[in-house]
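# Secondary and tertiary structure notes
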Amino acid sequence: SQELEQSPQSLIVQEGKNLTINCTSSKTLYGLYWYKQKYGEGLIFLMMLQKGGEEKSHEKITAKLDEKKQQSSLHITASQPSHAGIYLCGADKKAAGNKLTFGGGTRVLVKP
Amino acid sequence: EAQVTQNPRYLITVTGKKLTVTCSQNMNHEYMSWYRQDPGLGLRQIYYSMNVEVTDKGDVPEGYKVSRKEKRNFPLILESPSPNQTSLYFCASKPGVATFREKLFFGSGTQLSVL
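What this report covers is the structure whose coordinates are included nearby. (Residues numbered from 1 in each chain as written. Chains lettered and ligands numbered in written order. Predicted model: local features only at pLDDT ≥ 70, side-chain atom pairs only at ≥ 80, totals over all residues. Heavy atoms only, no water.)

## A look at the overall build of chain A
On a plain count of helices and strands, chain A comes out with zero helices and eleven strands. Across chain A, helices and strands are ordered from the amino to the carboxyl terminus as β-β-β-β-β-β-β-β-β-β-β. Oriented by its inertia axes, the alpha-carbon framework of chain A measures out at about 40 × 30 × 20 Å. Taken over 112 residues, chain A has a buried fraction of 46%. On chain A, roughly 5400 Å² of surface is accessible, and the fraction owed to carbon and sulfur atoms is 49%. Here chain A carries 15 positive and 10 negative side-chain charges, and the mean point of each set is 2 Å from the other. (Helix = DSSP H or I, 4+ residues; strand = E, 2+ residues; numbered from the N terminus. Buried < 20%, exposed > 50% of the residue type's maximum accessible area, 1.4 Å probe, protein only. Areas by Shrake-Rupley, 256 points an atom, 1.4 Å probe, with all protein chains shown as cover. Lys, Arg positive; Asp, Glu negative; His and termini not counted. Charge placed at Lys NZ, Arg CZ, Asp CG, Glu CD.)

Here it is as structure tokens:
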């Protein structure tokens, strides 16, 4: 099993609807990163969370890290076709930050 | 433009034929890393390097080699590729390995098929 579990693995959402992706670990995370990948392309950095309870927003995307730093969620409000892609969460396995592990990814399709 | 450049973008080869995937970054980053991406498995780290001449194994290093002779370059070498190495490969870099968190910059990926 993976150290970072993402759910759901895939989802289809109607344009204009909200969606939430979860990222869960059995261990405390030193740093939690969210990336977006367009199909067949590289990864684009979205947000980074470090502190328990931290929440960050950029445009229509909000990411949260729980108090125990073991679970993060990514929420998209009023989804648009441009939000389609694969979302990956990543986390530092060690305090040193030299081993970043990733979840399996969540494929998002936005229906117009 | 600050970027991580991988080449080639696509590669089809046969079992046993040595190949090298190049990676170069123009941001003077100390840290570089290679990942492979497979369906359902997410990104798995192959090797990483914290500076010139300093490399270390990631989670799936078997069948791969790397070198870091220059700060900007971090090639991935498959001495004898096998079909189970068919995957999408990403090179990534970040400024350094410090006590504060830094995001990774990713290349566009190399889709490798080993027949």
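On we go from here.
## Examining the nonpolar core
Counting 21 residues, the largest nonpolar core has Leu19, Ile21, Leu32, Trp34, Leu74 and Val108 of chain A as its most contacted members. Those residues in contact with Val108 of chain A that lie beyond four places of it in its chain are Leu11, Leu19, Ile21, Tyr39, His83, Ala84, Gly85 and Tyr87 of chain A. Ranked by size, the runner-up nonpolar core spans 19 residues in total, among them Val4, Met32, Tyr47 and Val66 of chain B. (Core = buried A, V, L, I, M, F, W, Y, C linked by side-chain atoms within 4.5 Å. Contact = heavy atoms within 4.5 Å.)

## Some remarks on the sheet that holds strand β7 (residues 65-66) of chain B
All names here are of chain B. Taken in spatial order, the four strands make up an open sheet running β1-β3-β8-β7, and their pairing is antiparallel. Strands with a single pairing partner mark the edges of an open sheet, and in this sheet they are β1 (4-7) and β7. Inspection of the sheet shows strand β3 (residues 19-25) paired to strand β8 (residues 76-78) by three bridges, in the antiparallel sense. Bridge pairing links Val21 to Leu76 in β8. (Pairing = 2+ DSSP bridges.)

## Remarks on the interface of chain A and chain B
The interface is formed by 26 residues belonging to chain A together with 26 residues belonging to chain B. Between chain A and chain B lies a buried interface of about 2000 Å² when both sides are counted; carbon and sulfur atoms form 45% of it. Inspection of the region where chain A meets chain B yields zero salt bridges. Across the chain A-chain B interface, the total number found is three residue pairs in polar contact (both at pLDDT 80 or more). When contributions to the side of chain A that touches chain B are tallied by element, the ones reaching two or more residues are β4 (32-37), β5 (43-49), β9 (85-92) and β10 (100-102) of chain A. Along the lines of polarity and charge, the residues of the side of chain A that touches chain B split into eleven nonpolar, ten polar and five charged. (Buried area = accessible area lost by both parts, 1.4 Å probe. Salt bridge = Lys/Arg side-chain N within 4 Å of Asp/Glu carboxyl O. Polar contact = N/O pair within 3.5 Å; in protein donor to acceptor, adjacent residues only side chain to side chain. Nonpolar A, V, L, I, M, F, W, Y, C, P; charged D, E, K, R; others polar.)

## Quick word on the pairing of β1 of chain B
All names here are of chain B. Only one face of β1 is buried: it carries Val4 and Gln6, and the other face, with Thr5 and Asn7, is open. Direction of pairing for β1 relative to β3: antiparallel, over a ladder of four bridges. Its bridge partner being in β3, Val4 is matched across the sheet by Gln25.

## Here's the deal with the sheet that holds strand β3 (residues 19-25) of chain A
Residues and elements named next belong to chain A. With respect to topology, five strands assemble into an open sheet ordered β1-β3-β8-β7-β6, the strand pairing being antiparallel. What marks the edges here is a single partner per strand, and that holds for β1 (4-7) and β6 (55-58). Averaged over all adjacent pairs, the angle separating strand axes in this sheet is 15°, with direction ignored. The pairing of β1 with β3 spans four bridges and is classified as antiparallel. In the sheet register, Gln6 faces β3, and the bridge partner there is Cys23. (Axes fitted to C-alpha atoms, helices over the stretch in contact; angles between N-to-C directions.)

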